[in-house]
Every structure is written in C-alpha cells, then in structure tokens.
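Here are the chains, one letter per residue:
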Amino acid sequence: MTARNAAAIASLVVLCGTAACTSYYEIPIETPIQPKMDVSGFQRVLIAGFISGGTEDVDANLETVRLLRSQLRTKSTLRVIEAEVLPLAELASTQNKERASNEAPGGAADGQQSAQPDAGPSIRNERDLERFQGIFANVAFWKRIGEEYQNPLIVTGTVLFTPHQASGFVMDNREVYDQFGRRRVIPVRTYVERKGFILTPKFIFIDGRTGSTLYSETFREEILYNAQQNTPALSSYFELMDRLVPNFLSALSSQKIRGTRVLLH
C-alpha cells in the first residue's frame, strides 16, 4: 500500500466517524485477571492468625481472621478451616526467648523459659513488628501446624492499624452572594486538622505441606476525617479492609475487573 492510498483510507475513516456515526453504545465488559499464585495443589485454607498492633481499640488479629474467612467462604473454591485463632505475637515472643536462651552460654539450663506463650507484647509501629518476623521463617513450626490441619494453604502475616493525624491547607468550595442576591461558588484555601488511621497488612502464604513461604505481599491504606468527626476505630478498620480485600483475593483466585466499552454506530 502506497502512502497516498493509506492517507485516503484514513481520511475515509475519519469522514465516516464524523458523518455517519450519529450515536454510540456503552457495552459492559469484564477483564479477567489471573491469580498471583497457583493454589491447585490445595483443597483447604487455614487463616491461622496475624501479628497485630498499632492500637488497642481494635483486635486486628481476630478481626482480620474473621473477615478473610468470611470472604473466602463465598469467593474461593478452597474450603475454609474453622480453628482457634493463633495468638501469633505471643508465640513469636516465646520463640524469641527460647532462641536467646539456647544461644546463651550454657544453653537453656541458664534460665529455662516457659513453654507457654508470653502475655501480650506491645506492638506500636513497624520497628516493633521487626522483632517478631522470625516466626514466619520457622519452617518446622508451620509444617507442624500444617500437619495438624491436613496440609492446607496457610495464610498469616502482620496487621498494623495505627492512629494518624495530619493538618494543612485544602481547597474548599464556598458560596458567596453579591448585592443582587446572585450566588457564586468560589474555591477557598482552608487550613484543617484531620485525624484517622493507617492500615498496613502483610499477607504471607505458607505451604502447609513443607512449612515454606510461597508468596507475600504488603499493602497500605489511609483514611482521614475532620478532627471534629467521631468515627469508631472498628468502622475505619472495616472501611480500609474493604479496599484491600480484592487485592488479597486476587492472590488466590482469578478476579474480574468490570468496565465499559464505547461502540459508535
């Protein structure tokens, strides 16, 4: 095809688009997204528990387990195992003490640690969480959990739900009226103080057959309200988790993004 012929065809397409296409239709479409993991080797999933912290107003460990189990019951082909939620922070703290005792001169005899979980370690920020990360690399521990529940896919990780404050100038629309009573809306820079929460979960997927980590992913969501607005912490937690749940589900099963496509007629 010569350049002249190509230009003629292009002109014809433009002409048809401007003259003949007098209406358009919006057609709904769905785009499939493949899962980030291959879970075909599993029939069951165990939401074991999370190391959580940030605020005492919400038990993020318990609430996250409940929410994810509920979502997987209806949106996954894996069978959800009903089990006690693991106090993972306490178990990790106990493992840390046992490890330190074994590494001390003379081994565990220099001060035997109780085999029972510790009582509620305080976790306020990301630095506090770092002290407990070793439990996720404890292959023997997770393999033992997997054997107890018939080798499922295990979901665990960390959830940090922290209060947050911010202040600064924002653009706001303000109504004004002139001397004739005519209304106008003008943008105004206003200094405001806001408060809210930051949710930072890390989801870790572990093979219950081997105890090894298959995949992990970290997310971050933030929400702010006017300082005068009194929003319960639990409501904010669920609002933020609603944004994250589709990302969590996309790791396990194929999802569909819904949209529209415009067709000219």
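See the structure printed just above.
Worth saying up front: this structure is predicted, and the values here are computed from it rather than measured.

(A) Representation of the pattern of salt bridges. According to the stated counting rule, one finds ten salt bridges in the structure shown. The salt bridge involving Glu56 is made with Arg124; its shortest N-O contact spans 3.5 Å. Taken together, the residues Glu56 in the loop between β2 (44-53) and α2 (60-75) and Arg124 in the loop between α3 (88-103) and α4 (126-130) connect sequence positions 68 residues apart. Look at Glu56 and you get exposed, because its relative accessible area is 69%. The class for Arg124 is partly exposed, based on a relative accessible area of 40%. A salt bridge links Glu222 to Arg220; the nearest nitrogen and oxygen atoms lie 3.4 Å apart. Counted as one network, the salt bridges with shared partners bring together Arg69, Arg73 and Glu82.

(B) How the structure looks around unusual backbone geometry. The phi dihedral of Gln150 is positive, around 65°, even though this residue is not glycine. Owing to a relative accessible area of 59%, Gln150 belongs among the exposed residues under this scheme. A positive phi angle, close to 60°, is found at Asn151, a residue other than glycine. Its place among the elements puts Asn151 in the loop between α5 (139-148) and β4 (153-177).

Thresholds, definitions, all that
- Residues numbered from 1 in each chain as written.
- Predicted model: local features only at pLDDT ≥ 70, side-chain atom pairs only at ≥ 80, totals over all residues.
- Heavy atoms only, no water.
- Salt bridge = Lys/Arg side-chain N within 4 Å of Asp/Glu carboxyl O.
- Helix = DSSP H or I, 4+ residues; strand = E, 2+ residues; numbered from the N terminus.
- Buried < 20%, exposed > 50% of the residue type's maximum accessible area, 1.4 Å probe, protein only.

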